[in-house]
Amino acid sequence: MTAEQKTHYRACHLCEAICGLEIVTQGEEVISIKGDKNDPLSRGHVCPKAVALQDLHADPDRLRKPMKRLRDQGDGSEWVEISWQEALDTTAQKLVEIRQQHGDNSLGVYLGNPAVHNYGMLTHPPVLFKQLKTQNRFSATSVDQLPHHLVGLWFYGHKDLITIPDIDNTDYFLILGGNPLASNGSLMTVPDVRKRLKAIQARGGKVVTIDPRRSETADISTEHHFIKPGTDAVLLLALLNVMFEKGLTKHQGYGAWIEGVEAVKEVVKPFSAEIAAKVTGMSADAIVDIATSLAQTEKAVCYGRMGVSVQAFGALCHWAIQNINIVAGNLDKPGGVMFPLPAVDTVPNSNPGGFARFHSRVRGLPEFNGELPSSTLAEEILTEGEGQIKVLFTGAGNPVLSTPNGAQLDRALESLEFMVSVDPYLNETTRHADIILPPTSPLEHDHYDLAFHGLAVRNTTRYNPPVFDKPEGALHDYEIFTALGERVAALLGNEPKPRSEPKDVIALGLAYGPYGEQQGHELGLTLEKVSANPSGIDLGELKPCLPERLKTADQKIHCDQSLAMADIDRLWSEVVEPNQQDKADNELLLIGRRHVRSCNSWMHNYKRLVKGKDRCTLMVNPADASKLSLQDGGSATVTSRINSVDVTVEVTDELMPGVVSLPHGWGHNRKGIRMAIAVEHAGVSVNDLTDEMFVDKLSGNAAVNGVPVAITAAS
Ligand SMILES: Nc1nc2c(c(=O)[nH]1)N[C@H]1C(S)=C(S)[C@@H](COP(=O)(O)OP(=O)(O)OC[C@H]3O[C@@H](n4cnc5c(=O)[nH]c(N)nc54)[C@H](O)[C@@H]3O)O[C@H]1N2
Ligand SMILES: Nc1nc2c(c(=O)[nH]1)N[C@H]1C(S)=C(S)[C@@H](COP(=O)(O)OP(=O)(O)OC[C@H]3O[C@@H](n4cnc5c(=O)[nH]c(N)nc54)[C@H](O)[C@@H]3O)O[C@H]1N2
Ligand code: SF4
Ligand SMILES: [Mo]
């Protein structure tokens, strides 16, 4: 007898767009995955990755049982399956033992990006880590959106108060260093961004993209300007200066809760459109036009993402972006940048974050929100002395491929006394673990987007139960944290702190949230009510909420953040008037890129996503290719301060002269990886070239864009 077909509704957790899916299953099998037309946010949109969810679920390489590495046998790369009991007991024992021997900070923790897409990995890690406090905490945040959190804290008083473009109402959308057509949007949860960008143009508005590459987004923009990588801060300060000089400012309309604009006006004075033109490679006319348009278009947005966040002036760029939106009167206004109000609002009751309360042991980089920059992880493992990391916990992270100088980290991990990874794959990072604890497949647990509803261009909410039953004996990510927490508590003689299931946390969050039953809101949301609407519930457009929602101590916004303003000197000396002698003649600047069929380092094991043309290529402009005698399809050696790597060349005028681009997340050709398809499509890791010493000195965030490299033709 064949099993009956069932239709399930669930949001896709693979990227920030959180598209609604309609998934048909039969028995243990997924029959089809389509867009859910009734999802009020995604309206039926999906990208090619959604269908690969079934490949992820069925992947024979996905680990189902805990694994132990036989470190002392042969070359140390043999693994055996062990019981959960043994895996959890050994892990808890080692964590406690090594930490007792070497001190609190001998424990390092790295949590990666998928943790944010899997709500049990947001609610439950504290069950373990509240007992194992350490200053050596790291995450993908410091190779990503750290500057956004920092300006959230500075301007609005909470790291999670992040301004989001009101894309559906704006008439002028300036995008710096973001390529939502490939990424499906970031710090802007925006399914079907293409349609929404086209709609801006259809209503007579403009989309202006500033990017060293004519990206897929640039291609459908009204205007695109090339910019020399790493010079955006100069452009942004010039935009501010032009607005002040032309008397186009509108911040006066907000009232007394905006302070410090005069000081901003003073510090940006040296940044004329002409100077910015010279430094960035844009024309002065274009710069004046953009500044004027931002200020004079009734509804306008200035938005910056990876290209301006993960570069040497990431924090300064985002300080300037906040000020541009404020000075142009576009903050907290329909069609400008707004704050979503999610159904489970974590802002009121969560830690607002803090900055530079302590510093990394070896290099003295600042913490943010209790985490140190990931660029310092390897040196904290390799440098002897009090506080050296001896035991590492990774969860949903692949820092060997994702963080600068991954090659160094790859070596460092082998020197640890013990490493444990909560991860479904044996990959470049987890191959160094002593124990891998694999969680259930995403389709085997329920789903609520605790993070991304709070970053979305429209307020909506949805909760979905698991598509498949949990296999016998398997554990969800959150259960792994709970089981470890209980064991560690027993070993330390602490009372275990039980935490209710993630679902119960959400139930409370919904009922007491801004649309909740307990708040007397007309929608009266409860988990029950949300569950009864599996395609999600529309909560309406983003609405103005300032100054009421400000979390700053005095309920005001202070635009003149002194740490950012002090960083302008560094910008001047390193970017406006750099010492030309420091620059090699044949220097090019390396940047990253994303492709819609990929997702960071871990979605290359599914045939349907990796088939076709090689995507891990070094894009080079034709003029540079000819100067360097590089052939399209040929091979080149790329050399940075730290390393040399051979890559396949793709000659294209998409890139501006002097700039080359290589995507990240590749480089699967390492020994002992158990991802057969990924290994066949290995590519090279750009983070074997990026430099752990090249960081935004203000925030400590990595700088993976604008890395100086030299290139020669390889045989
Ligand atoms: N398909 C796919 N989607 C993804 C991901 C993925 O790997 N694949 N990853 C997800 C994650 S974790 C994130 S954080 C988001 C990121 O989302 P985005 O920020 O939209 O992603 P990128 O494609 O990296 O876009 C960065 C753009 O910045 C440009 N750039 C590089 N350097 C500079 C510079 O110095 N100045 C300027 N102005 N531009 C520069 C690049 O050419 C590129 O077009 O995407 C998410 N979505
Ligand atoms: N050069 C360069 N480097 C970059 C970037 C860039 O643009 N250029 N982008 C940066 C950005 S934005 C980010 S976010 C980081 C990402 O950095 P990381 O988060 O470190 O890396 P990922 O590739 O996302 O690796 C995710 C890991 O989580 C595992 N995983 C997947 N799903 C689950 C799950 O449900 N549970 C558990 N426990 N594990 C799971 C995967 O098997 C994989 O090992 O990379 C950064 N690195
Ligand atoms: S755009 Fe993102 S959320 Fe939507 S289907 Fe693709 S991977 Fe999933
Ligand atoms: Mo990211």
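Residues numbered from 1 in each chain as written. Chains lettered and ligands numbered in written order. Predicted model: local features only at pLDDT ≥ 70, side-chain atom pairs only at ≥ 80, totals over all residues. Heavy atoms only, no water.

Q: Explain unusual backbone geometry to me, please; I cannot follow it from the model alone.
A: Keep in mind that most residues, glycine aside, have a negative phi and that most peptide bonds are trans. Pro 547 follows Leu 546 through a cis peptide bond whose omega is 5°. Note that Pro 547 resides in the loop between β23 (537-540) and β24 (557-558). One non-glycine residue, Ile 18, lies in the positive phi region at around 40°. Exposure remark for Ile 18: the relative accessible area of 4% places this residue in the buried category. Even without glycine at this site, Asn 184 takes up a positive phi of about 65°. Along the polypeptide, Asn 184 turns up in the loop between α7 (180-183) and α8 (193-202). (Helix = DSSP H or I, 4+ residues; strand = E, 2+ residues; numbered from the N terminus. Buried < 20%, exposed > 50% of the residue type's maximum accessible area, 1.4 Å probe, protein only.)

Q: Sorry, what's going on with the site of ligand 1 here?
A: In the region of ligand 1, 31 residues are neighbours, and Asp 211, Asp 232, His 595, Ser 598 and Asn 600 sit closest. The contact in question runs from a nitrogen atom of ligand 1 to an N or O atom on the backbone of Ile 210, over 3.1 Å. Within the backbone of Gly 307, one N or O atom sits 3.4 Å away from an oxygen atom of ligand 1. In the complex, 98% of the free accessible area of ligand 1, which totals 910 Å², lies under the protein chains. Sorting the residues of the shell around ligand 1 by element identifies α7 and α14 (306-309) as the ones contributing at least two each. With three residues, the top contributor of residues to the shell around ligand 1 is α7. Of the residues in the shell around ligand 1, the class split is 10 nonpolar, 13 polar and eight charged. Two domains each donate at least three residues to the shell around ligand 1, and these are domain 2 (151-342 + 556-563) and domain 3 (584-713). (Near = heavy atom within 4 Å. Polar contact = N/O pair within 3.5 Å; in protein donor to acceptor, adjacent residues only side chain to side chain. Areas by Shrake-Rupley, 256 points an atom, 1.4 Å probe, with all protein chains shown as cover. Nonpolar A, V, L, I, M, F, W, Y, C, P; charged D, E, K, R; others polar. Domains from an automatic or database assignment.)

Q: Help me understand the sheet that holds strand β9 (residues 172-176), please; the structure alone is not making it clear to me.
A: Neighbouring strands of a sheet are bound in pairs by backbone hydrogen bonds; such pairs are parallel or else antiparallel. The parallel open sheet is built from four strands, whose spatial order is β11-β10-β9-β13. The open sheet has two free edges, formed respectively by β11 (223-225) and β13 (300-304), since each of these has just one partner strand. If you compare each strand with its neighbour and ignore which way they point, the axes differ by 15° on average. Sheet analysis places strand β10 (residues 206-210) next to β11, joined by three bridges and oriented parallel. Pairing of Ile 210 across the sheet is with His 225, part of β11. Along the sheet face, α8 touches β9 and β10 and points at about 125° away from the line of β10. (Pairing = 2+ DSSP bridges. Axes fitted to C-alpha atoms, helices over the stretch in contact; angles between N-to-C directions. Contact = heavy atoms within 4.5 Å.)

Q: Teacher, can you tell me more about the pattern of salt bridges here?
A: Pairing is possible between side chains that carry opposite charge, provided their charged atoms lie close to one another. In total, this model carries 39 salt bridges according to the counting rule given. For Lys 159, the salt bridge is made with Asp 160, and the minimal N-O distance between the two is 3.4 Å. Relative accessible area serves as the criterion here: at 11%, Lys 159 is assigned to the buried category. One salt bridge in this structure joins Glu 654 and Arg 213, with 3.0 Å as the shortest N-O distance. Note that Glu 654 is positioned in the loop between β28 (644-651) and β29 (659-661) and Arg 213 in the loop between β10 and α9 (216-219), a separation of 441 residues in sequence. We classify Arg 213 as buried; its relative accessible area is 6%. (Salt bridge = Lys/Arg side-chain N within 4 Å of Asp/Glu carboxyl O.)

Q: Sorry, what's going on with the domain arrangement of the protein chain here?
A: Interface extent is often summarised as the accessible area lost during association of the parts. We note that the domain assignment places domain 1 (86-143 + 346-501), domain 2 (151-342 + 556-563) and domain 3 (584-713) within the protein chain. Computed from C-alpha atoms alone, the centre-to-centre distance between domain 1 and domain 2 is 33 Å. At the junction of the two partners, domain 1 supplies 18 residues and domain 2 supplies 23 residues. Summing the contributions of domain 1 and of domain 2, the shared interface buries around 1600 Å²; its carbon and sulfur component is 65%. A per-residue breakdown of the area domain 1 buries against domain 2 is headed by Val 347, Leu 455 and Val 457, which together make up 38% of the total. Across the domain 1-domain 2 interface, the total number found is zero salt bridges. For the pair domain 1 and domain 2, the number of links is nine residue pairs in polar contact (both at pLDDT 80 or more). By residue class, the composition of the side of domain 1 that touches domain 2 is nine nonpolar, nine polar and no charged. (Buried area = accessible area lost by both parts, 1.4 Å probe.)

Q: What exactly am I supposed to notice about the packing of aromatic side chains here?
A: To describe a pair of aromatic rings, one takes the distance between the centres and the angle between the planes. Per the stated rule, a full pass over the model turns up 10 aromatic pairs. An aromatic cluster is defined as three or more aromatic residues linked by ring pairs; in this entry it consists of Phe 129, Phe 393 and Phe 481. (Phe/Tyr/Trp six-rings, centres within 6.5 Å; stacked < 30°, edge-to-face > 60°.)

Q: Would you mind going over the pairing of β13 with me for this structure?
A: Regular strands place their side chains on alternate faces of the sheet. The buried fraction of β13 amounts to five of the five residues, a majority that puts the element mostly inside the structure. Here β13 shows a buried face lined by Ala 300, Cys 302 and Gly 304 and a second buried face lined by Val 301 and Tyr 303. Bridge count between β9 and β13: five bridges; the pairing is parallel. Residue Leu 174 lies in a different strand from β13, and its bridge partner there is Cys 302.

Q: I'm lost on the packing of helix α10 (residues 232-245) against helix α23 (residues 568-576) in this one. Help?
A: Their axes nearest at 10 Å, the elements α10 and α23 cross at an angle of 120°. With respect to α23, the axis of α10 lies oblique. Handedness of the crossing formed by α10 with α23: left-handed. In this structure, α10 uses Ala 233, Val 234 and Leu 237 to contact α23, whose residues at the interface are Ile 568, Leu 571, Val 575 and Val 576. Taken together, the residues of the contact of α10 with α23 sort by class into seven nonpolar, no polar and no charged. (Parallel < 35°, antiparallel > 145°, perpendicular 65-115°, else oblique. Left-handed = near helix turned anticlockwise from the far one by under 90°.)

Q: Help me out: how do you make sense of the site of ligand 2 in this one?
A: Contacts to ligand 2 come from 30 residues, most closely from Tyr 110, Asn 113, Ser 402, Asp 423 and Ser 601. Measuring from an oxygen atom of ligand 2, one finds a side-chain N or O atom of Asn 427 at 2.8 Å. At a separation of 3.0 Å, an oxygen atom of ligand 2 approaches a polar side-chain atom of Arg 594. Computed on the free molecule, ligand 2 has an accessible area of 920 Å², of which 97% lies beneath the protein chains in the complex.

Q: Would you explain helix α3 (residues 84-102) in this entry?
A: Owing to its 3.6 residues per turn, the α-helix aligns residues three or four sequence positions apart on the same side. Taking 1.5 Å per residue as the helical rise, α3 with its 19 residues ought to reach 27 Å, and the 27 Å between its terminal C-alpha atoms agrees with that figure. Within the span of α3, buried status applies to Trp 84, Ala 87, Leu 88, Thr 91, Ala 92, Leu 95, Val 96, Ile 98 and Arg 99. Taken together, the buried residues of α3 touch β6 (107-111), β17 (391-395), β18 (418-422), β19 (435-437) and α19 (477-492). Gly 103, located one to two residues past α3, shows a positive phi value of around 100°. (Expected span 1.5 Å × (residues − 1).)

Q: Sorry, what's going on with the sheet that holds strand β2 (residues 20-26) here?
A: Read across the sheet, three strands follow the order β1-β2-β3 without closing on themselves; strand pairing throughout is antiparallel. Two strands in the sheet have a free side with no partner beyond their single neighbour: β1 (5-11) and β3 (29-35). Each strand of the sheet is rotated relative to its neighbour by a mean of 25°, with strand direction disregarded. In terms of strand pairing, β1 meets β2 through seven bridges, oriented antiparallel.

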